[in-house]
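Residues per chain, in single letters:
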Amino acid sequence: MDRIRIRGGRRLSGRIAIGGAKNAALPLMAAAILTDGTLALENTPDLADIATLARLLETLGVRVEREGRVTRLTCASVASTEAPYDLVRKMRASVLVLGPLVARERVARVSLPGGCAIGARPVDLHLKGLEAMGARIELAEGYVEARAPDGLRGAEIVFPFVSVGATENLLMAATLARGTTVLKNAAREPEVEDLANCLVAMGARIEGIGSDHLVVHGTDRLAGATHPILPDRIETGTYAMAAAITGGDVELTGTRIGLLEATVASMREAGISVEPTAEGFRVSRSCLIHGTDVMTEPYPGFATDLQAQMMALLAVAEGASMITETIFENRFMHVPELRRMGANINLHGSSAMVRGVARLTGAPVMATDLRASVSLVIAGLAAAGETMVNRVYHLDRGYERLEAKLAACGADIERLKETA
């Protein structure tokens, strides 16, 4: 199993290009099921999760062609309506094929999903929404079996809490349903907005894009389209914190501040300079990091996917910080590993008290999930001595060429390949 070795203490300086958003690309790829035309997605990242979903879509009958940064998906006909366990277990986002399959084929059999162990993340809201739209749902042998022999119909669906995945799944399903579907308390994340804009380009009729009240007027068919995937705000925030923890000066290109305003606000409170540029924005630090309090919230609040990275940054801040996680119940699994590096962190239920230390020290650490793994890399960049991050296959799910991008800005980092 590959490992990443980091010798810390080097200041980052230079430019890092941000790729397309993984969390936008996955539902966009699933949307290809809704049309027999070709959906061309520009700015597609080259990630393990993208490859996993591509393999799943191919088993369903989608032709997937990759040329550089453009991915073309064509589903002339659906070859299978079953998403098997062996593929779905690798990534929770695979459940996003459920809504499109039921909408187009009126039947679907999709394995209950797997993925990172950062909380239950149940699919109840997906299923209840499809039931409200006329689908009959059964759970059998670890699979969701959904049938709508007369097709889906419009419905009013009120989410009891914000769910990005359920919003995306039901938004896609509603585009081919009869009548009008109203989604209340819908997720407002930029990735949801990106999906809605792509669906409109395919011929869907959607009102309220960017708000928590989406109105979808169903149509008989959607067409192919070309759509550029928006920049990855989580990758953006990750490299911003890597620059900050090393006292560096890095320009992040191909992205924009508006995608992560809550994160930028928290970083500025911590004494970090974040300034827009013609191609993105620049992150630099010339003074001590100040402790600050952070609470994760649905967009436009502070993203849960940046909580672990922020904790690594605040581990070397002057003073104390409180980080409260409100989205996923198990998202503090990086804390014991950061403690191994000398971080002073105490957990109190859903909150972590972080008392900054003068310096972290290198240590062997274990990645537990995608964002936790990159928080250990960030900590290693600032630590004295050598940090060895194990189980880095998590990183490959969401970060493209991580070591190369950091090394190009001065980091002493390398991947050690597993030897037989």
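Look a little higher up for the structure.
Residue positions are counted from 1 within each chain, in the order its sequence is given. For a predicted model such as this one, the threshold for reporting local features is a pLDDT of at least 70, and the threshold for listing and counting side-chain atom pairs is 80 or more; totals across whole chains, interfaces and linings nevertheless cover every residue. Values reported for side chains reflect all heavy atoms of the structure, with hydrogen atoms and water molecules removed beforehand.

Here's the deal with the overall build of the protein chain
Step number 1: Counting from the N terminus, the helices are DSSP H or I runs at least four residues long and the strands are E runs at least two residues long. Looking only at helices and strands, the protein chain features 14 helices and 24 strands.
Step number 2: Relative to the 2.2 N^0.38 estimate, which gives 22 Å for 420 residues, the radius of gyration of the protein chain is 21 Å and therefore close to what a compact globule would have.
Step number 3: Expressed as lengths along the three principal axes of its C-alpha atoms, the size of the protein chain is roughly 65 × 45 × 45 Å.
Step number 4: We call two residues in contact when some of their heavy atoms are within 4.5 Å. Across the protein chain, every contact between residues at least 6 apart in sequence was considered, and the portion connecting residues at least 24 apart equals 73%.
Step number 5: Total accessible area on the protein chain stands at roughly 15900 Å², and carbon and sulfur atoms take up 48% of it. Two things to know: the radius of gyration comes from C-alpha atoms, and the globule rule equals 2.2 Å times the number of residues to the power 0.38. To be clear on the numbers: accessible area is Shrake-Rupley with a 1.4 Å probe, and residue cover counts the displayed protein chains and nothing else.

Examining the layout of surface pockets
Step number 1: Grid points spaced at 1 Å and placed over the protein atoms alone form the basis of the search, with a cavity being a set where a 1.4 Å probe fits but cannot get out and a pocket an open set showing protein on both sides within 12 Å along at least five of seven lines. Lining residues have an atom within 4 Å of a point. Grid points are joined across faces, edges and corners, and a volume is the space filled by probe spheres set on the points. Computed from the structure, the second largest pocket encloses a volume of approximately 270 Å³.
Step number 2: Looking at the second largest pocket, it is lined by 18 residues, and the ones nearest its centre are Ala103, Arg104, Leu176, Thr219 and Asp220.
Step number 3: Note on residue categories: nonpolar means Ala, Val, Leu, Ile, Met, Phe, Trp, Tyr, Cys or Pro, charged means Asp, Glu, Lys or Arg, and polar means any other residue, Gly included. For the lining of the second largest pocket, the residue count by class is six nonpolar, five polar and seven charged.

Looking at the packing of helix H1 (residues 22-30) against helix H2 (residues 48-60)
Step number 1: Note on geometry: axes are C-alpha line fits, over the in-contact stretch for helices, and angles between N-to-C directions span 0 to 180 degrees. At their nearest, the axes of H1 and H2 sit 10 Å apart, and the two run at 5 degrees to each other. Relative to H2, the element H1 is oriented roughly parallel. Counted together, Lys22, Ala25, Leu26, Met29 and Ala30 of H1 and Asp49, Ile50, Leu53, Ala54 and Leu57 of H2 form the full contact between these two elements.
Step number 2: Per-class residue counts for the contact of H1 with H2 are eight nonpolar, no polar and two charged. Angles are sorted into four bins: roughly parallel if under 35 degrees, roughly antiparallel if over 145, roughly perpendicular if 65 to 115, and oblique for all others.

Points about the sheet that holds strand E15 (residues 249-253)
Sheet strands associate in pairs through backbone hydrogen bonding, adopting either a parallel or an antiparallel arrangement.
Step number 1: Read from one edge of the open sheet, four strands run E2-E15-E17-E16, paired in mixed fashion. The open sheet has two edge strands, strand E2 (13-17) and strand E16 (273-276), and neither has a second partner. Direction aside, the axes of adjacent strands within the sheet are offset by 20 degrees on average.
Step number 2: Where E15 lies against strand E17 (residues 280-284), five bridges are found, and the strand directions are antiparallel. Residue pairing in the sheet places Val250 in a bridge with Val283 of E17. Only when DSSP finds a minimum of two bridges between them are two strands counted as paired.

Things to note about the sheet that holds strand E14 (residues 225-228)
Step number 1: Across the sheet, which stays open at both edges, the four strands sit in the order E4-E5-E3-E14 with mixed pairing between neighbours. The outermost strands of the open sheet, each flanked by one partner alone, are strand E4 (63-67) and E14. Strand after strand, the sheet turns through a mean of 15 degrees between neighbouring axes, direction not considered.
Step number 2: Summarising the sheet, strand E3 (residues 38-42) and strand E5 (residues 70-74) pair through four bridges and their orientation is antiparallel. Opposite Ala40, over in E5, you have Arg72 as the bridge partner.

Comments concerning the pairing of strand E1 (residues 3-7)
Step number 1: When E1 meets strand E24 (residues 412-416), the two strands line up antiparallel, connected through five bridges. Looking across to E24, one finds that Arg5 is bridged to Glu414.

Topic: the side chain of Ser375
Step number 1: For Ser375, the location among the structural elements is in helix H12 (residues 370-382).
Step number 2: Judged by relative accessible area, Ser375 falls into the buried class, the value being 0%.
Step number 3: At 2.6 Å, the side chain of Ser375 and the backbone oxygen of Ala372 are in polar contact.
Step number 4: Leaving out residues up to four positions away in the same chain, Ser375 has contacts with Ala308, Gln309, Ala312, His334 and Leu338. Think of it in three bands: with a 1.4 Å probe and only protein chains considered, a residue is buried below 20% of the maximum accessible area for its type, exposed above 50%, and partly exposed in between. The definition of a polar contact used here is a pair of N or O atoms within 3.5 Å, where within protein one atom must be able to donate a hydrogen and the other to accept one, and adjacent residues in sequence count solely through side-chain atom pairs.

By themselves these figures say nothing about function.
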